[in-house]
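Structure at a glance
Chain by chain, the residues run as shown.
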Amino acid sequence: MSDTTRSQDSPRAWTQGSRVETVPVDGEFALCLTHDVDRPYKGFRSFYYAANGRPTYHLRTALSDTNPYWQFENLMTLEEKLGVRSAFYFLNEQHLLANRPMSDWLSPSNWIQHLGRYDVRSDEIARVVRDLEDGGWEVGLHGSYHSPDDPHRLREEKAILESLLDGPVTGGRQHHLRLGSDTWRHHRRIGLEYDASLGSTTECGFHAGYRPIRPFDDEFLVFPLTIMDQALPDPGTRPNAARRVCDRLLLEAAENDAVMTVLWHPRFFNEREFPGHRRLYRWLVERAQELDAWVGSPARLVDAYERARGDSAAASSRESDLRSATEPGKRARPPRESAGDRLPDDEYDVERATATNEPAKARGEP
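With respect to the environment of Ala253
As for its position among the elements, Ala253 is in helix α9 (residues 239–255). In this structure, the C-alpha to C-alpha distance between Ala253 and Glu28, residues 225 residues apart in sequence, is 8.2 Å.

As for the pattern of salt bridges
Following the criterion strictly, the structure yields 16 salt bridges and no others. Across the pair Glu80 and Arg85 runs a salt bridge, and its minimum N-O distance is 2.7 Å. Owing to a relative accessible area of 47%, Glu80 belongs among the partly exposed residues under this scheme. The class of Arg85 is buried, set by a relative accessible area of 18%. Salt-bridge contacts for Glu290 lead to Arg287; the nearest nitrogen and oxygen are separated by 3.2 Å. Here Glu290 and its partner Arg287 are both found in helix α10 (residues 277–290), three residues apart, which amounts to about one turn of the helix. Assessed through its relative accessible area of 60%, Glu290 is described here as exposed. Overlapping salt bridges bring together Glu73, Arg127 and Asp131 as one network.

Focus on unusual backbone geometry
Of note, Leu177 is a non-glycine position whose phi angle comes to about 60°, a positive value. Looking at where Leu177 falls in the secondary structure, it is placed in the loop between β6 (171–174) and β7 (178–180). For Leu177, a relative accessible area of 1% corresponds to the buried category. Of note, Asp292 is a non-glycine position whose phi angle comes to about 65°, a positive value. Along the chain, Asp292 falls in the loop between α10 and β13 (294–296). Overall, Asp292 belongs to the partly exposed group, its relative accessible area being 44%.

Things to note about the state of the cysteines
Per the counting criterion, the structure on display carries zero disulfides. There is no disulfide at Cys246, and the cysteine sulfur nearest it, in Cys204, is 7.1 Å away.

Some points on the packing of aromatic side chains
Going through the model one piece at a time under the given rule, you end up with ten aromatic pairs. Ring centres 6.2 Å apart and planes at 50° place the aromatic pair Phe216 and Phe220 in the tilted group. Its relative accessible area of 2% is what places Phe220 among the buried residues. Here the aromatic rings of Phe269 and Tyr281 are separated by 5.0 Å at their centres, their planes lie at 80°, and the arrangement is edge-to-face. Placement of Phe269 in the loop between β12 (259–263) and α10 and of Tyr281 in helix α10 is noted, with a sequence separation of twelve residues between them. The class for Phe269 is buried, based on a relative accessible area of 2%. The buried category is assigned to Tyr281, whose relative accessible area is 0%. An aromatic cluster is present here, built from Trp70, Phe72, Phe88 and Phe90 joined pairwise through their rings. Above the face of the Trp137 ring, Arg85 is positioned so that its terminal group lies 3.9 Å from the ring centre. Over the face of the ring belonging to Tyr145 we find Arg178, whose NZ or CZ atom lies 3.9 Å from the ring centre.

Here we look at the packing of α9 against α10
Interaxial distance between α9 and α10 falls to 10 Å at its minimum, and their mutual angle equals 25°. It follows from the interaxial angle that α9 and α10 lie roughly parallel. In the crossing of α9 with α10, the sense of the turn from one axis to the other is right-handed. Here Ala242, Arg243, Cys246, Asp247, Leu250 and Leu251 of α9 come into contact with α10, specifically with Leu280, Trp283, Leu284, Arg287 and Ala288.

Here we look at the pairing of strand β4 (residues 87–91)
When you tally the buried positions in β4, you get five out of five residues, the bulk of the element. Judged by which residues are buried, β4 turns out to be covered on both faces: Ala87, Tyr89 and Leu91 on one side and Phe88 and Phe90 on the other are all buried. One ladder, built from four bridges, connects strand β3 (residues 30–37) with β4; its direction is parallel. Looking at the pairing, Val37 lines up with Phe90 of β4. Two elements, β4 and strand β5 (residues 138–143), share five bridges in a ladder whose sense is parallel. The partner of Ala87 across the bridge, within β5, is Glu138.

What counts and what doesn't
Residues numbered from 1 in each chain as written. Predicted model: local features only at pLDDT ≥ 70, side-chain atom pairs only at ≥ 80, totals over all residues. Heavy atoms only, no water. Helix = DSSP H or I, 4+ residues; strand = E, 2+ residues; numbered from the N terminus. Salt bridge = Lys/Arg side-chain N within 4 Å of Asp/Glu carboxyl O. Buried < 20%, exposed > 50% of the residue type's maximum accessible area, 1.4 Å probe, protein only. Disulfide = S-S within 2.5 Å. Phe/Tyr/Trp six-rings, centres within 6.5 Å; stacked < 30°, edge-to-face > 60°. Lys NZ or Arg CZ within 6 Å of the ring centre and 35° of its normal. Axes fitted to C-alpha atoms, helices over the stretch in contact; angles between N-to-C directions. Parallel < 35°, antiparallel > 145°, perpendicular 65-115°, else oblique. Left-handed = near helix turned anticlockwise from the far one by under 90°. Contact = heavy atoms within 4.5 Å. Pairing = 2+ DSSP bridges.

Dropping the structure here:
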C-alpha cells in the first residue's frame, strides 16, 4: 500500500466538506443497501479454505460443478420479496501477469487478489449485469485495488462497465475501502456522482456522522459506511449479538434522521458457507421497514438529493425575482454560480480523512 492510499479503517475518519441537511425521501430515515461483487467464483480459493478448516466441505466445492459464491439470483429473489432494490458494485481487477509490473508479482497479497479475479465482460457476468439493470437494481463501480490513485484506470473501469449498460454508472465503492488523497477528485472528474468507501472493515457505527458529505461543497456526495457484514458479530455463532448491533444502529438512525449504509457481499448469502448472514440481512431490512425507513440504493437517494437541490435553487430564484419585482428601480439578477463551481480542488484535503490501518480480512478470506 502506498503512502497516499489508505483504507478507511478508523472510526475517527472524518472530512472537512459540508454535510447535507435533510434526508429528501419519505420515512424516518434512509437505509442504503449495497453489495461489493468481489469474488463471484470460489475457484482455487477452496484449497486455501480447506487448509484452514472444514476441509471436506471446501474440497468438495473445489471438485463440484456448482459455485457456492454465485448468489445473484438468490439475492435478487430475496430483495424482490422484500420489495426493495440495492446496488451491486462490480470489480474489474487488472491481470497480474499481463497488466501489472513485475515487482507486483513478488507480493503474496497480489497473487491472492489475482486468484479471485473475474472478467466483467464475460458472458455470464455481463448477463447478470444487464439483468440487474433491467430489474431496477443499481449497477456501480467497485474500483480495483490499484485504482485509487490512478484516474486513467478508474475511467477505463467505468467505461468498460458502462459498455454493458443502457445508462451511466452513478457511483460505487473502492475495493477494500482504499482511498487515496485524490480519489474523490478522480471520481468526480470521471463523472461519478457519489462514493461509498468511507468506513471501517472492523467497526460498525456512524463514525463519520449521520448524513452524506459534500467534500467539495458541490453535487458530489460521500455516503459513509455504517455496517460491513464482516464487522458484525458472527451471525452463525452469535445471532442475537449480531441482531442487537443492527437494531441499535437502526434505532440510532431513526432518532437522528440518518442515512445508514450497509454492505453485504453476495457470497455471504450462501448459508452453508456463511451461516446466519442471509437471515440477518433479511431481518435487517424487515426491521428497517417496521421503523418506517426508506430503503433503496445510493443512486436513488442521489436522485432525490438532486431533485431537492434543484427545487431549493428554483425556490430561491423565485423568491429573489419576487423581491426584485417589488423593489422600485431594481432588476432581477441571474443566479450566481454555486460554491461547488467556484471551489478550487486544492482547498480540500481528502488525506486528512484517512487512517493508516490495513483493511481487515473478511471471514474465510486469505
